[in-house]
Amino acid sequence: MRKIRDFHGGVHPPENKAQSLHGPIRPAGIPPQLIIPLSQSYGSGAVALVEPGQHVAKGEQIARAEGLSGVPEHAPSSGRVAAIEERSIAHPSGLPATCIVLDTDGRDEWIAHHGAEDFRQLEPAALLDLIRNAGISGMGGAGFPAAVKLSVNPANRIETLIINGTECEPYITADQALMRECSVEIIGGAEILAHLLGAKETLIGVEDNKPKGIAALRRAAQGSAIEIVSFPAKYPSGGEKQLIEMLTGKQVPSNGLPADIQVVCQNTSTTLAVYRAVHQGEPLLSRVTTVTGEAVTRPGNYEILNGTPIDWLLQQVGFRQEHCSRLIMGGPMMGFTVTNVAAPITKTSTCLLASTETELPSPPPAQPCIRCGFCSEACPVKLLPQQLYWFARGKEYEKLEDHHLFDCIECGACSYVCPSNIPLVQYYRAGKAQILELRDEHERAERSRVRFEARQERIEKIALARQEKRAQRKAAAEQRAREAGGDGSEQDLIQAAIARSRARRKEQTR
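Our subject in this report is the structure included herewith. Because the structure is a prediction, the values reported are computed rather than measured.

1. Considering the overall build of the protein
The helix and strand inventory of the protein stands at 14 helices and 17 strands. In terms of overall size, the protein is more extended than a compact globule, its C-alpha atoms giving a radius of gyration of 31 Å where 510 residues would be expected to give roughly 24 Å. Put simply, the protein has 510 residues, and 46% of those count as buried. In the protein, the proportion of contacts linking residues at least 24 apart, taken out of those at least 6 apart, comes to 72%. Of the roughly 25300 Å² of accessible surface on the protein, 51% is carried by carbon and sulfur atoms. The distance from the centre of the 57 positive side-chain charges to the centre of the 59 negative ones in the protein is 7 Å.

2. Concerning the pairing of strand E8 (residues 96–104)
Sheet faces and side chains relate simply in a regular strand, where the side chains alternate between the two faces. Relative to E8, strand E2 (residues 33–37) is paired through five bridges, and the arrangement is antiparallel. Pairing of Ile35 across the sheet is with Val101, part of E8. Summarising the sheet, strand E7 (residues 79–88) and E8 pair through nine bridges and their orientation is antiparallel. Residue pairing across strands places Gly79 opposite Thr104, the latter belonging to E8.

3. Thoughts on the pattern of salt bridges
Evaluated as defined, the whole model comprises 22 salt bridges. Two residues, Lys347 and Glu73, come together in a salt bridge whose shortest N-O distance is 3.2 Å. Highlighted residues: Lys347 in the loop between strand E16 (336–337) and strand E17 (351–355) and Glu73 in strand E6 (residues 73–74), separated in sequence by 274 residues. Take Lys347: its relative accessible area is 3%, and that puts it in the buried class. On the basis of relative accessibility, which here comes to 1%, the residue Glu73 falls in the buried class. Members of the salt-bridge network, linked through shared partners, are Arg2, Glu201 and Glu227.

4. Observations concerning the sheet that holds E8
On the basis of which strands lie adjacent, the open sheet formed by four strands has the order E2-E8-E7-E4 and antiparallel pairing. The sheet is open, and its two borders are formed by E2 and strand E4 (55–56), each paired with just one other strand. Here E4 runs beside E7; their pairing, made up of two bridges, is antiparallel. In the sheet register, Val56 faces E7, and the bridge partner there is Gly79.

5. Thoughts on the packing of aromatic side chains
What the rule picks out here adds up to two aromatic pairs. Between Tyr389 and Trp390, the ring centres sit 5.1 Å apart and the planes meet at 50 degrees, which makes this aromatic pair tilted. According to the relative accessible area criterion, Tyr389 is buried, its value standing at 5%. Judged by centre distance (5.0 Å) and plane angle (85 degrees), the ring pair of Tyr389 and Tyr427 falls under edge-to-face. Placement of the pair is Tyr389 in helix H10 (residues 385–393) and Tyr427 in helix H13 (residues 424–483), with a sequence separation of 38 residues. For Tyr427, a relative accessible area of 29% corresponds to the partly exposed category. Among the aromatic residues, ring-to-ring pairing joins Tyr389, Trp390 and Tyr427 into one connected group. Geometry around Phe7 places Lys234 over its ring, the cationic atom sitting 4.2 Å from the centre. Taking NZ or CZ as reference, Arg439 lies 4.8 Å from the ring centre of Phe406, over its face.

6. Topic: unusual backbone geometry
Note: most peptide bonds trans; most residues except glycine with negative phi. Here the bond from Tyr235 into Pro236 is cis, since omega is 0 degrees, no more than 30 degrees from zero. Locating Pro236 in the fold gives a position in the loop between strand E11 (226–231) and helix H6 (240–248). At Asp108, a position not held by glycine, the phi torsion is positive, near 55 degrees. With respect to the helices and strands, Asp108 occurs in the loop between E8 and helix H1 (124–133). With a relative accessible area of 24%, Asp108 lands in the partly exposed category. Located in the positive-phi region is Lys395, a residue other than glycine, with phi close to 55 degrees. Checked against the element boundaries, Lys395 lands in the loop between H10 and helix H11 (397–402).

7. Digging into the nonpolar core
For soluble globular proteins, the rule of thumb is that nonpolar side chains tend to be buried together. Formed by 45 residues in total, the largest nonpolar core has its most connected members in Ile131, Ile136, Leu150, Leu161, Ile204, Leu217 and Ile228. When residues of this core are assigned to their parent elements, the largest contribution, eight residues, is made by helix H4 (residues 183–197). Leave out the neighbours within four places in its chain, and Leu150 touches Leu128, Ile131, Leu193, Leu196, Leu197, Val264 and Gln266. Counting 19 residues, the second largest nonpolar core, distinct from the first, contains Cys379, Tyr397, Cys414 and Cys418.

8. Digging into the environment of Gly106
Secondary-structure assignment places Gly106 in the loop between E8 and H1. The exposed category is assigned to Gly106, whose relative accessible area is 52%. Taking C-alpha positions, Gly106 is 58 Å from Arg455, a pair spaced 349 residues apart along the chain.

9. So, the layout of surface pockets
If you roll a probe as big as a water molecule over the atoms, it shows you where there is empty space left. In this structure, the second largest pocket encloses a volume near 400 Å³. Residue lining of the second largest pocket: 26 residues in total, with Arg276, Leu285, Ser286, Arg287 and Glu303 positioned closest to the centre. Sorting elements by how many residues they give to the lining of the second largest pocket places helix H7 (residues 268–280) first, with five residues. Across the lining of the second largest pocket, the residue classes tally to 16 nonpolar, three polar and seven charged.

Reading guide: rules and limits
Residues numbered from 1 in each chain as written. Predicted model: local features only at pLDDT ≥ 70, side-chain atom pairs only at ≥ 80, totals over all residues. Heavy atoms only, no water. Helix = DSSP H or I, 4+ residues; strand = E, 2+ residues; numbered from the N terminus. Rg over C-alpha atoms; globule rule 2.2 N^0.38 Å. Buried < 20%, exposed > 50% of the residue type's maximum accessible area, 1.4 Å probe, protein only. Contact = heavy atoms within 4.5 Å. Areas by Shrake-Rupley, 256 points an atom, 1.4 Å probe, with all protein chains shown as cover. Lys, Arg positive; Asp, Glu negative; His and termini not counted. Charge placed at Lys NZ, Arg CZ, Asp CG, Glu CD. Pairing = 2+ DSSP bridges. Salt bridge = Lys/Arg side-chain N within 4 Å of Asp/Glu carboxyl O. Phe/Tyr/Trp six-rings, centres within 6.5 Å; stacked < 30°, edge-to-face > 60°. Lys NZ or Arg CZ within 6 Å of the ring centre and 35° of its normal. Core = buried A, V, L, I, M, F, W, Y, C linked by side-chain atoms within 4.5 Å. 1 Å grid on protein atoms, 1.4 Å probe; cavity = no way out; pocket = protein on both sides within 12 Å on 5 of 7 lines; lining within 4 Å. Points joined across faces, edges and corners; volume = space filled by probe spheres on them. Nonpolar A, V, L, I, M, F, W, Y, C, P; charged D, E, K, R; others polar.

Set out below in structure tokens:
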């Protein structure tokens, strides 16, 4: 029996998962129009390869990755490219982004595609290329490109591969449904990742409140070296660093990565996408998303095409707008409010929560901090939330960095336990954004300084070269004057110049 450690802090919010687990995963269908953002991952985005009016088949690449951290995008269904333009997307910033707008034809016609016969015969580089070209990014968090995460430094030999099936956020059950219905494919994807990384052990971590998912995985893993590990439910056990600590006892260093301690984590949905990319040759075109909340009449887990407009999806699940107080992308702890229902579902859309006021009451006004310390007790990263709050309010950005603000995973545990209802995470997000902006300004100023100094150096070199040329010409003139019988004085130089001018004029008149 594997020893399970505990991590600091954490909370136990109501799970509210039962309402979306009544039935199997259902296809959401093909909407009349798909909106595919060119940037759906934590990276440099993609560049469109198609033009308006062009017909594309399902699975056809429509945007190439830009840079090593980008992922390509593919047509989720067949149809005609209607436009490439700025559209609203579901993002905390509320800002629009460049999207490929695809009018679907309803035929859902695939391009020719096929998978690898035996992935064990492929070199790690070839497997990475398959994953990269399939457009797979992390489907449980920030959407970090899977191929980049799997391209570990050979010096950091991976000891442990962890598949994160925790799904600790309230309401979200997409991974749980996949574990129940696609356990064989998840195990197959884990074997591919273990082979690629050369990991010595592979663990799938699942909270013990998912007994059917755990049982299905254990049946599928029989005869393999993969270990299914269950542990008591506590939020946020699904945080990468927290899960690693629970299963291995290792702690990821501040500002470090799991690979620094020979560990790699991947989400369950991402692992399934890897399986389909390698075995079936399918790029990432859809994902299972939980659609739930008391404002929908048909809650459940739906397989949704990438780019499906939220408003069209809500029509399919019996959305009751008059009852909805908040529409949240993600869960109630880490999600954000959707301000425009024309925005699309993307690869990182784990949940769409349409809540009523009774279900998720509006938070009361924030009160002054009473320094109770509950936030510090709940923080899973062992930060000082109260101190960070004061630094964020005072815009003391250096102190925020000194107190490891960027180690904050924005889980919301501190806000959940705060008796003064202070939206602590909002202050931290704003502080991070401001620090990143200041860093960017500093980098731009530094680049400008370097360019200015380089220009000044070029100007000085040109001026010095001109001075040297003038000195050389003067020395040559003095030499010619001496050779003509003069003494090299200024008068002799003038006379010599006049003589040369006269000689040139005579040559021109001949």
